Amino acid sequence: MARPATISTPDATDTAAAPETEPNRPTKPLGPVLKAASGPAAWADERIGIAALGRASLRKVFPDHWSFLLGEVALYSFIICLLSGIFLTLWFKPSMAEIEYEGSYQLLRGLPMSEAFASTLTLSFDIRGGLLMRQMHHWAAMLFVAAMFAHMLRVFFTGAFRKPREINWLLGVGLIAIGMVEGFAGYSLPDDLLSGTGLRFVDGLIRSIPLVGTWLEFFVFGQEFPGDIIIPRLYIAHVLLIPGIILGLVSAHLALVVFHKHTQFPGPGRTEKNVVGYPLFPVYAAKAGGFFFIIFGMITLMGALMQINPVWKYGPYNPSQVTAGSQPDWYMGWVEGAVRIMPDWEWHIGSTTWSWNIFLPGVMLMGLLFTVMGLYPFIEQWVTGNKSEHHLLERPRNNPTRTAFGMAAISCYGMFWLAGGNDIIATQFHVSLNAVTVVLRVAVFLVPFLVWHITKRICISLQRSDIEKLLHGAETGVIDRSPQGGYAERHVPVSDAEAFTLTEHLKYEPAQLEAGEDENGVEGDAATTKEKLRVKASAFYFRDQPAKLTSEEIAEAKEHILHGHDHGDEDHAELDGANGSNGTNGHREITAGEPEDEKATASSH
Amino acid sequence: MSEHDTHEKSRNVIDDRHPVADPGLEPHQPRLTDIDEHAANRAERQVVLAFALVPVLAIIFVVCYFAVPKTWEVNFGPLHANALHVILGTTLGGAILLIGIGAIHWARTLMGDHEISEERHPAQSSDEARAEALEIVEKVIDESAVSRRKLIIRSLLGGVGIVAVPAVVLLADLGEWPTAARRAETIERTIWAPELKPGTNEVAKYRYIVNDITFKRIKASDLRIGQLVNAEPENLQELHGTEFNQEKAKAALVVVRMDPNSIRVPDSRKDWQVGGILAYSKICTHVGCPISLWEQQTHHLLCPCHQSTFDLGDSGVVVFGPAARSLPQLPIAVDDEGYLYATSDFTVPVGPSFFERDSTKDFRKGDN
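Residues numbered from 1 in each chain as written. Chains lettered and ligands numbered in written order. Predicted model: local features only at pLDDT ≥ 70, side-chain atom pairs only at ≥ 80, totals over all residues. Heavy atoms only, no water.

## Topic: the overall build of chain A
Stage number 1. For chain A, the helix and strand inventory stands at 22 helices and 8 strands.
Stage number 2. Across the 605 residues that make up chain A, the buried fraction comes to 51%.
Stage number 3. A fraction of 76% describes how many contacts in chain A between residues 6 or more apart in sequence connect residues 24 or more apart.
Stage number 4. When the accessible surface of chain A is split by element, carbon and sulfur atoms take 66% of a total near 28400 Å². (Helix = DSSP H or I, 4+ residues; strand = E, 2+ residues; numbered from the N terminus. Buried < 20%, exposed > 50% of the residue type's maximum accessible area, 1.4 Å probe, protein only. Contact = heavy atoms within 4.5 Å. Areas by Shrake-Rupley, 256 points an atom, 1.4 Å probe, with all protein chains shown as cover.)

As structure tokens, then:
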């Protein structure tokens, strides 16, 4: 039996595998690993052509940056959710049938409760490692959603969602939305007091939907709340339907990353046309694989040492009880907050009730968030008119309006989230609960407005500091004393690599009315109004954007830093003149803002 | 893919985008382990140590799984937990973590760390590919005869569209239909409603108010001024399982005794109370949390979920928060022995609103 196999193996290597490897590695004897693997490899290649796949992907380049790991964290915590979740399904009973608890947790023995809650107690107290898996599952789920949000913010603030990656952005938005639903379904399953309260909240939320709310409520719960079927339904959604959809979306998300190749930050040797980094094998695989085990290990340790969702302390669900300080998992906190600070708007028309006090914050606000997230790439593209491919990431400072918008959105989310703990704030800081609520009602509008302006100014200042560095050089820490007795710090031009990195961002120009109309000049008023709106939006978007330095300015500045120490002020004047000739709006801003900087540098000469 | 051919096209090109010439990839900086054999050997030993500790921890895990009794506790600093749980978690977590630490240390110190560059290609297909694809699509359309026989495709689309209707209709049995009749028996009614004599409107039996834990009837004289008691209807005990939960979710009650001189009782509700003893639904009119925080001095009842605050001294009107409607009040009376009972069901549906709810009958501040 062994004979034919050993005979056929070298045969196969000669015919199939050898021609593949030959051109790259001319007549080199194979090492022990390759020799051992050549048999199976040839077998597989003859059937599924893995050599070509390997040639194309084994050395695929992935750029390195800490922020690129956030998406990996999300992926890995999802895998850990799958692994720990499979363990939990082996004991959990998704049933609302009432039984008397007879397990080993003394304090609840003899109490009537649902099978779901009883089996959760069994998992926590009677199955060795069950509590560990339960807590790992919950921590991993929290981390999954948190990492998705962090990853989304990284992609947003660096402009990684721009063409050609808009579809992948939409897949990501879908993943976050559905990930939150998955998390909610999961924490409703144990049927403890807290999760039952959460379900009752959802019942109220569904009821509030105008026209169809009552029908949806009865269709979701099968009958009047709580009914006996919501947990089995949530269970099958939680373990099969939603994870299946998430897996599909994740696969598409990753496939597009492979197809587009990863984005990279600006830097020497890094352009729109290439991707610089480490090859998939061995370095990247070892790092990413190792990182999976680090996340896995950390979540295991968290599951071992940090208590989460101790359902036995809350007890079984009782529709007439609730604990003070009841709160959902963190990612639902902002919706909870919105529901808390919403004024009591309700319409009573005829014999109908329209509960805007629940529907707007509970249902519409979430819809609004995901709509804005989904539309943003397309809105930005329309405003900037930029339709080319982008593979170089933008530093957040180089797109102040986007960064300001993102920070304003974060601060708004943050205010809602704080409102989700308004009772905790009131009790911990000994302030009036009503005052906290009223202040937050204003803060959700005011704080984003302030944050917008502050962020925008910070971004523009940071851009100016980059320009300053290029024009006046980097500080050396070396102090020169002049014959007159003055002191000045010596500046040196920044390295070519840094100068390249600092100037590689896009040069933005607000849209002009004439420019866009050449082709469609014949069109009527409608097109023009749309175009006028776009020009206005574009002017708003790029307002105060400092102009990019030209190569002449940079060369002159370098010359000036190296040789122009004696007659500093004159040179500055010249330089600014040169800047001015470049003449866009933004640029006048810098020169106007310059005098302060000017004094500082002038006094140092 | 070419590892060494780096972006020659863009390098040294000065344009609007690149006012500074691309200096190209920075030269590789050797690590300590690249130039010092001892450092490399040390790194190797560290990696091997990390990997070698994994089986050790795995063995401890297995031994403890069988050897440590489930009852042992660990109390160390802030950690109070089951000992077996902590041992299993820390050994397993440590083992998994060490695999990761070893792999990353190996990658960072001993694997080649030369950055390489790969060309990108635009996402779009080449012009020829587009043209050819277009031709193929045209051929497909032509061969399918769709363009000449339009009726086929139209009837197909119509047919497929109609198939969606049975699919949706299949879901109609997802739950009961909340028709007006059904609503009147479920969400618009509670088990406080007195039992009627069959076929008449005469009351056969009123529902007594009982303590929600002991299920003992509540005597008016046992309540002190300022006291609040959580209560249920006596007949709740007859129910079990789902029905019990459904009815408890609506029938939960707070009974409160206040000084009659410190509260405002509207004329329409003079007979709803017994000498300052009033009963209200415990279910918040906002999203249905059981309200539980009682402020004795102000007569305010606060919902711990979203902080809606109701004034029990003024027929349960909303004084703060997102709730829009007053807390429904239950008309109560006292029997000859001094026990409290409900004289009727709530006059409006309890709990969160729903679209078909007639909210014109709710008590508003200032009503009399």
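## Focus on the overall build of chain B
Stage number 1. Check the secondary structure of chain B and you find 7 helices and 16 strands.
Stage number 2. C-alpha atoms of chain B, sized along the principal axes, occupy 100 × 80 × 50 Å.
Stage number 3. Taking all 368 residues of chain B together, 44% fall into the buried category.
Stage number 4. Residue pairs in contact within chain B that sit at least 24 positions apart in sequence constitute 54% of those at least 6 positions apart.
Stage number 5. Carbon and sulfur atoms make up 58% of the accessible area of chain B, which totals about 19700 Å².
Stage number 6. Placing the 37 positive and 50 negative side-chain charges of chain B at their respective mean positions leaves the two points 7 Å apart. (Lys, Arg positive; Asp, Glu negative; His and termini not counted. Charge placed at Lys NZ, Arg CZ, Asp CG, Glu CD.)

## A closer look at the pairing of strand 7 (residues 474-481) of chain A
Residues and elements named next belong to chain A.
Stage number 1. As paired strands, strand 7 and strand 8 (residues 487-492) are joined by 5 bridges and run antiparallel to one another. Across the sheet, the residue bridging to Arg481 is Tyr487, located in strand 8.
Stage number 2. A loop of 5 residues connects strand 7 with strand 8, the two strands running antiparallel in sequence, and Gly485 in this loop sits at a positive phi of about 100°. (Pairing = 2+ DSSP bridges.)

## Structural notes on the nonpolar core
Stage number 1. With 97 residues, the main nonpolar core has Ile80, Ile176, Met180 and Ile246 of chain A as its most contacted residues.
Stage number 2. Here the element with the most residues in this core is helix 6 (residues 130-157) of chain A; it accounts for 16 residues.
Stage number 3. Once residues lying within four places of it in the same chain are set aside, the contact partners of Met180 of chain A are Val145, Phe149, Tyr331, Met332, Trp334, Met366 and Phe370 of chain A.
Stage number 4. Core analysis: the next-biggest nonpolar cluster, separate from the first, contains 23 residues, Ala220, Val229, Val274 and Ile332 of chain B among them. (Core = buried A, V, L, I, M, F, W, Y, C linked by side-chain atoms within 4.5 Å.)

## With respect to the sheet that holds strand 16 (residues 340-342) of chain B
Strand pairs in the sheet, formed through backbone hydrogen bonds, run parallel or antiparallel to each other.
All names here are of chain B.
Stage number 1. The sheet built from 7 strands is open, its strands ordered 14-9-8-7-6-16-15 with antiparallel pairing. The sheet is open, and its two edges are formed by strand 14 (329-330) and strand 15 (332-334), each paired on a single side.
Stage number 2. The pairing of strand 7 (residues 228-233) with strand 8 (residues 253-257) spans 4 bridges and is antiparallel. In the sheet register, Leu228 faces strand 8, and the bridge partner there is Val256.

## Regarding the confidence of the model for chain A
Residues and elements named next belong to chain A.
Stage number 1. With 86% of its residues at a pLDDT of 70 or more, chain A shows a mean pLDDT of 87.
Stage number 2. The low-confidence segment residues 1-23 (pLDDT under 50) makes 12 contacts with residues lying over four places distant or belonging to another chain.
Stage number 3. Within the model, pLDDT remains below 50 along residues 566-605, and this stretch shows 50 contacts once partners closer than five positions in the same chain are excluded. (pLDDT = per-residue confidence, 0-100.)

## What about the interface of chain B and chain A?
Stage number 1. Tallying the contact residues gives 103 residues for chain B and 112 residues for chain A.
Stage number 2. Summed over the shared surface of chain B and chain A, the number is 4 salt bridges.
Stage number 3. For the pair chain B and chain A, the number of links is 43 residue pairs in polar contact (both at pLDDT 80 or more).
Stage number 4. Sorting the residues of the side of chain B that touches chain A by element identifies helix 2 (37-67), helix 3 (83-109), strand 3 (116-119) and helix 7 (241-251) of chain B as the ones contributing at least two each.
Stage number 5. Broken down by element, the side of chain B that touches chain A gets its largest block of residues, 18 residues, from helix 3 of chain B.
Stage number 6. Tallied by class, the residues present in the side of chain B that touches chain A amount to 47 nonpolar, 32 polar and 24 charged. (Salt bridge = Lys/Arg side-chain N within 4 Å of Asp/Glu carboxyl O. Polar contact = N/O pair within 3.5 Å; in protein donor to acceptor, adjacent residues only side chain to side chain. Nonpolar A, V, L, I, M, F, W, Y, C, P; charged D, E, K, R; others polar.)

## So, a negative patch on the surface
Stage number 1. Together, Asp127, Glu128, Glu132, Glu135 and Glu138 of chain B give the surface a local cluster of negative charge.
Stage number 2. Note that Glu132 of chain B resides in helix 4 (residues 127-144). (Patch = residues over 30% accessible without salt bridge, like charges linked within 9 Å, V, L, I, M, F, W, Y side chains within 5 Å.)

## As for the domain arrangement of chain B
Stage number 1. What the domain assignment lists for chain B is domain 1 (3-118 + 125-172) and domain 2 (185-361).
Stage number 2. Placing the centre of domain 1 of chain B and that of domain 2 of chain B at their C-alpha centroids yields a distance of 57 Å. (Domains from an automatic or database assignment.)

## Things to note about the sheet that holds strand 1 (residues 61-62) of chain A
Stage number 1. Across the sheet, 3 strands lie side by side as 1(A)-4(A)-3(B); this open sheet has antiparallel pairing. Only two strands of the sheet have a single partner each, and these edge strands are strand 1 of chain A together with strand 3 of chain B.
Stage number 2. Pairing of strand 1 of chain A with strand 4 (residues 274-279) of chain A involves 2 bridges; the strand directions are antiparallel. Bridge pairing links Val61 of chain A to Pro279 of chain A in strand 4 of chain A.
Stage number 3. Strands strand 1 and strand 4 of chain A of the sheet are contacted by helix 11 (residues 280-305) of chain A, whose axis makes an angle of about 75° with strand 4 of chain A. (Axes fitted to C-alpha atoms, helices over the stretch in contact; angles between N-to-C directions.)

## Notes on the state of the cysteines
Simply put, disulfide is the name for a covalent bond between the sulfur atoms of two cysteines.
Stage number 1. Following the criterion strictly, the structure yields 1 disulfide over all chains and no others.
Stage number 2. Paired by a disulfide, Cys289 of chain B and Cys305 of chain B hold their sulfur atoms 2.1 Å apart. Judged by the sign of its S-S torsion, about -90°, the bond between Cys289 of chain B and Cys305 of chain B is left-handed. Here Cys305 of chain B lies in the loop between strand 11 (300-302) and strand 12 (309-311) and Cys289 of chain B lies in the loop between strand 9 (277-281) and strand 10 (293-295), a separation of 16 residues in the sequence.
Stage number 3. Here Cys459 of chain A stays unpaired: no disulfide links it, and the sulfur of Cys412 of chain A, its closest cysteine neighbor, is 19 Å away.
Stage number 4. Judged by relative accessible area, which is 5%, Cys459 of chain A ranks as buried.
Stage number 5. Sulfur of Cys284 of chain B: no disulfide; nearest cysteine sulfur belongs to Cys303 of chain B and is 4.1 Å away.
Stage number 6. Cys284 of chain B gets classed as buried once you look at its relative accessible area, which sits at 1%. (Disulfide = S-S within 2.5 Å.)

## Looking at helix 4 (residues 69-89) of chain A
Residue and element names in this part refer to chain A.
Stage number 1. Helix length check: helix 4, at 21 residues, gives a terminal C-alpha distance of 30 Å against a target of 30 Å (1.5 Å per residue), a fit within 8%.
Stage number 2. Inspection of helix 4 places Glu72, Val73, Ala74, Tyr76, Ser77, Phe78, Ile80, Cys81, Ser84, Gly85 and Leu88 among the buried residues, and these make up the whole buried set.
Stage number 3. The secondary structure elements touched by the buried residues of helix 4 are helix 5 (115-125), helix 6, helix 10 (230-260) and helix 11. (Expected span 1.5 Å × (residues − 1).)

## Looking at unusual backbone geometry
Stage number 1. Omega for the peptide link from Lys163 of chain A to Pro164 of chain A comes to 10°, which places this bond in the cis form.
Stage number 2. In this chain, Phe281 of chain A is followed by Pro282 of chain A through a cis amide linkage whose omega measures 0°.
Stage number 3. Mapped onto the fold, Pro282 of chain A is located in helix 11.
Stage number 4. In this structure, Asp544 of chain A is a non-glycine residue whose phi angle is positive, near 65°.
Stage number 5. Overall, the relative accessible area of 19% leaves Asp544 of chain A in the buried class.
Stage number 6. Not every positive phi belongs to a glycine, and His299 of chain B is a case in point at roughly 65°.
Stage number 7. Tracing the chain through its elements places His299 of chain B in the loop between strand 10 and strand 11.

## A closer look at the confidence of the model for chain B
Stage number 1. Residues at a pLDDT of 70 or more form 96% of chain B, whose mean pLDDT is 92.
Stage number 2. This complex was scored by the predictor with a pTM of 0.89 and an ipTM of 0.93.

## Section: the environment of Val348 of chain B
All names here are of chain B.
Stage number 1. By secondary structure assignment, the location of Val348 is in the segment after strand 16.
Stage number 2. In this structure the C-alpha to C-alpha distance between Val348 and Gln237, which are 111 residues apart in sequence, comes to 24 Å.
Stage number 3. The residues contacting Val348, other than those within four sequence positions of it, are Pro328, Arg357, Lys361 and Asp362.

## Description of the pattern of salt bridges
Stage number 1. Under the defined criterion, the tally for this structure stands at 35 salt bridges over all chains.
Stage number 2. We note a salt bridge from Glu336 of chain A to Arg340 of chain A, for which the minimum N-O separation is 3.0 Å. In this pair, Glu336 of chain A and Arg340 of chain A both sit in helix 13 (residues 333-341), 4 residues apart, roughly one turn of the helix. For the pair Glu336 of chain A and Arg340 of chain A, one class covers both residues: buried.
Stage number 3. Across the pair Arg217 of chain B and Glu234 of chain B runs a salt bridge, and its minimum N-O distance is 2.9 Å. A residue pair is termed long-range when its members are at least 10 positions apart, and Arg217 of chain B in the loop between strand 6 (207-211) and strand 7 and Glu234 of chain B in the loop between strand 7 and helix 7 qualify at 17 residues.

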